[in-house]
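Coordinate inspection notes
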Amino acid sequence: MKLTHEASGTFAIAPTPFFDDGRIDYDSIDRLTDFYSEVGCNGVTVLGILGEAPKLEGNESIDVATRFIKRAKDKQIIVGVSAPGFAQMRTLARASMDAGAAAVMIAPPTHLRTDEQITGYFRQASEAIGSDVPWVLQDYPLTLTVVMTPSVIRKIVMDNPSCVMLKHEDWPGLEKISTLRGFQKDGSLRPLSILVGNGGLFLDFEMERGVDGAMTGYAFPDLLVDVVNLSKAGKRDAAHDLFDAHLPLIRYEQQPGVGLAVRKYVLKKRGKIASDAQRKPGSSMSALARSEVDYLLSRVGRIDKRANI
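Bear in mind the structure is a predicted one, so any value in this text is a computation, not a measurement. (Residues numbered from 1 in each chain as written. Predicted model: local features only at pLDDT ≥ 70, side-chain atom pairs only at ≥ 80, totals over all residues. Heavy atoms only, no water.)

Here the focus is the sheet that holds strand β8 (residues 213-216). Around the barrel, which closes on itself, the eight strands sit in the order β1-β2-β3-β4-β5-β6-β7-β8 with parallel pairing between neighbours. Shown here is a sheet whose adjacent strand axes are inclined to one another by a mean of 25°, direction ignored. Looking at chain direction, strand β1 (residues 9-13) and β8 are connected through four bridges and run parallel. The residue of β8 that forms the bridge with threonine 10 is alanine 214. On top of the sheet, helix α2 (residues 58-72) reaches β2 (43-46) and β3 (76-80); it is set at about 170° to β3, its chief contact. (Pairing = 2+ DSSP bridges. Helix = DSSP H or I, 4+ residues; strand = E, 2+ residues; numbered from the N terminus. Axes fitted to C-alpha atoms, helices over the stretch in contact; angles between N-to-C directions. Contact = heavy atoms within 4.5 Å.)

Okay, structure coming up:
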């Protein structure tokens, strides 16, 4: 089923599992996909920024996306197709949709600066993949260095009917969410799903600002599911209490340069991937860093037993 503007809930950002020698671990892809389904995720996003997509060859990207899609069955899979050129983007997008993906995700290249450059790029990208392919606009200026104002996002969405979702990862970004929802209230922005990322750092208040859910890669996607569901049920204190218990680990995992290593380390401890290896070049964790993560897990485990691993 293709993604629409009504999409909501929790979409886990999946890492790409590798063996220690750099080969893709397809059995771990299966375990991860099953895990995301078991904990209540509505979908999974693959080949995102922390999916190590630039380290994959073109055929490997298609193989990884297809493996997730086929294993997910009724869960929606979004495939990151950002690429230096539109030919590569088109090939991965069309192959993913043919395999059964729900949508693709496109991030802006880092050289874009002016509003006209940004809106023009996404118009061309949308044309390149085809108007029949629903896509997610990724807004992550902290990493991508491309600043999209609410008005620019509105123009991109209004100019491209196949853009059905915004992945909001700006920081600070709470007022941006409110501004975009305000555009929808005054009729200047069509209906749009907004899911939030940035490691889940502000998920508690982002939900209260009116987003539809989460799309990020914290090693406890079950926590993200719970916070989203509790928030939607109006159980504010319960959502914040659970979120607060995990926040120190969320913060630690969000460190630039080491975050993926932490995430894979915890997922390995949880038995969801066989190795925490990254394909080279990649970061690694010292023994001291691993002990710090273990300590944080023990503290989270006092409130949330799922962290007692």
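As a further point, take the pattern of salt bridges. Scanning the model with the defined rule gives 21 salt bridges in all. Lysine 55 is paired through a salt bridge with glutamate 52; the nearest N and O atoms lie 2.9 Å apart. Note on lysine 55: relative accessible area 23%, which makes it partly exposed. Overlapping salt bridges bring together Asp27, Asp30, Asp34, Arg67 and Arg71 as one network. (Salt bridge = Lys/Arg side-chain N within 4 Å of Asp/Glu carboxyl O. Buried < 20%, exposed > 50% of the residue type's maximum accessible area, 1.4 Å probe, protein only.)

Summed over all chains, the structure comprises six aromatic pairs. For the pair phenylalanine 86 and tyrosine 121, a centre-to-centre distance of 5.4 Å together with 35° between the ring planes defines the contact as tilted. One end of the pair, phenylalanine 86, is in helix α3 (residues 86-99); the other, tyrosine 121, is in helix α4 (residues 115-129), with 35 residues separating them in the sequence. With a relative accessible area of 22%, phenylalanine 86 lands in the partly exposed category. Relative to phenylalanine 220, the ring of tyrosine 218 lies with its centre 5.7 Å away and its plane at 45°, an arrangement referred to as tilted. Judged by relative accessible area, which is 2%, tyrosine 218 ranks as buried. The exposure class assigned to phenylalanine 220 is buried, which follows from its relative accessible area of 0%. Grouped by ring-pair contacts, the aromatic residues Phe86, Tyr121, Phe122 and Trp135 constitute a single cluster. Arginine 154 extends its terminal NZ or CZ atom over the ring of phenylalanine 183, reaching a point 3.8 Å from the ring centre. (Phe/Tyr/Trp six-rings, centres within 6.5 Å; stacked < 30°, edge-to-face > 60°. Lys NZ or Arg CZ within 6 Å of the ring centre and 35° of its normal.)

Further remarks concern the environment of arginine 94. Looking at the secondary structure, you find arginine 94 in helix α3. Each C-alpha atom of the pair arginine 94 and valine 133 lies 8.1 Å from the other, and the pair is 39 residues apart in sequence. In this structure arginine 94 touches Ile129, Gly130, Asp132 and Val133, once residues within four positions along its chain are discounted. In terms of polar contacts, arginine 94 uses its side chain to reach the side chain of aspartate 132, at 2.9 Å. (Polar contact = N/O pair within 3.5 Å; in protein donor to acceptor, adjacent residues only side chain to side chain.)

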